Amino acid sequence: QVRLVESGEGLVQAGGSLRLSCEASGRSFSNYGWFRQAPGKEREFVSAIKWNRETYYADSVKGRFTISRDNTKNSVYLQMNDLKPEDAAVYYCASTGTDHWYQDRWDSYDSWGQGTQVTVSS
């Protein structure tokens, strides 16, 4: 059973930075993604990283967010810089064990973390 545990929840001012972490267990091969969901909005794709470290980003976060992974720790990270109020949401880590996936589609992932809250004050 795959288990994902996010951490890094926080409140920051606009323009600030935050780093989210996601520790995985239960599967040796995974591609990972980060999604977010703000109140009253649908869950949206933020970023993804493949097993070979190929990365993908939503246009809204390109140049501000960086996804990375540490396979020795079975962890994936999301470094968020220059945060904006519209980045505020619950952020979810997701993983899939297949290499045939659509990075930006939530239904391409088979495992999800519990979510971690990011709040950005203006």
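Everything below is about the structure shown above.
Now for a look at the structure at hand. In this text, all values refer to a predicted model and were calculated from it rather than measured experimentally. (Residues numbered from 1 in each chain as written. Predicted model: local features only at pLDDT ≥ 70, side-chain atom pairs only at ≥ 80, totals over all residues. Heavy atoms only, no water.)

1. Points about the packing of aromatic side chains
Then, number 1: Scanning the entire structure with this criterion turns up seven aromatic pairs.
Then, number 2: With a centroid separation of 6.5 Å and 75° between ring planes, the pair formed by Tyr92 and Trp112 is classed as edge-to-face. Of this pair, Tyr92 sits in strand E9 (residues 89–96) while Trp112 is found in strand E10 (residues 111–112), placing the two residues 20 residues apart along the sequence.
Then, number 3: Given a relative accessible area of 14%, Tyr92 falls into the buried group.
Then, number 4: Clustering of aromatic rings is evident, with ring pairs tying together Phe35, Phe45, Tyr56, Tyr92, Trp101, Tyr109 and Trp112. (Phe/Tyr/Trp six-rings, centres within 6.5 Å; stacked < 30°, edge-to-face > 60°. Helix = DSSP H or I, 4+ residues; strand = E, 2+ residues; numbered from the N terminus. Buried < 20%, exposed > 50% of the residue type's maximum accessible area, 1.4 Å probe, protein only.)

2. A short note on the sheet that holds strand E8 (residues 75–80)
What links the strands of a sheet is backbone hydrogen bonding, and the strands pair in either a parallel or an antiparallel sense.
Then, number 1: Taken together, the four strands give an open sheet; going across it, the order is E1-E3-E8-E7, and neighbouring strands pair in antiparallel fashion. What marks the edges here is a single partner per strand, and that holds for strand E1 (3–7) and strand E7 (65–70). Direction aside, neighbouring strands of the sheet carry axes that sit 15° apart on average.
Then, number 2: Relative to E8, strand E3 (residues 18–25) runs antiparallel, the two being bridged by six bridges. (Pairing = 2+ DSSP bridges. Axes fitted to C-alpha atoms, helices over the stretch in contact; angles between N-to-C directions.)

3. Side note on the pattern of salt bridges
Then, number 1: This structure, assessed with the given rule, holds seven salt bridges.
Then, number 2: Between Asp87 and Arg36 there is a salt bridge, with its nearest N and O atoms 2.9 Å apart. Of this pair, Asp87 sits in the loop between E8 and E9 while Arg36 sits in strand E4 (residues 31–37), placing them 51 residues apart in sequence.
Then, number 3: Residue class for Asp87 comes out buried when judged on its relative accessible area of 1%.
Then, number 4: A relative accessible area of 5% places Arg36 in the buried class.
Then, number 5: In this structure, the salt-bridge partner of Arg64 is Asp87, at a minimum N-O distance of 2.7 Å. Here Arg64 is found in the loop between strand E6 (55–57) and E7, whereas its partner Asp87 is found in the loop between E8 and E9, with 23 residues between them in sequence. (Salt bridge = Lys/Arg side-chain N within 4 Å of Asp/Glu carboxyl O.)

4. Comments concerning the pairing of strand E2 (residues 10–13)
For a regular strand, side-chain orientation follows a simple rule: the groups alternate between the two sheet faces.
Then, number 1: Here E2 shows a clear split, with Gly10 and Val12 buried on one side and none of Leu11 and Gln13 buried on the other.
Then, number 2: Strand direction decides the pairing type here: E2 and strand E11 (residues 116–121), joined by four bridges, are parallel. For Val12, the partnering residue across the bridge sits in E11 and is Val120.

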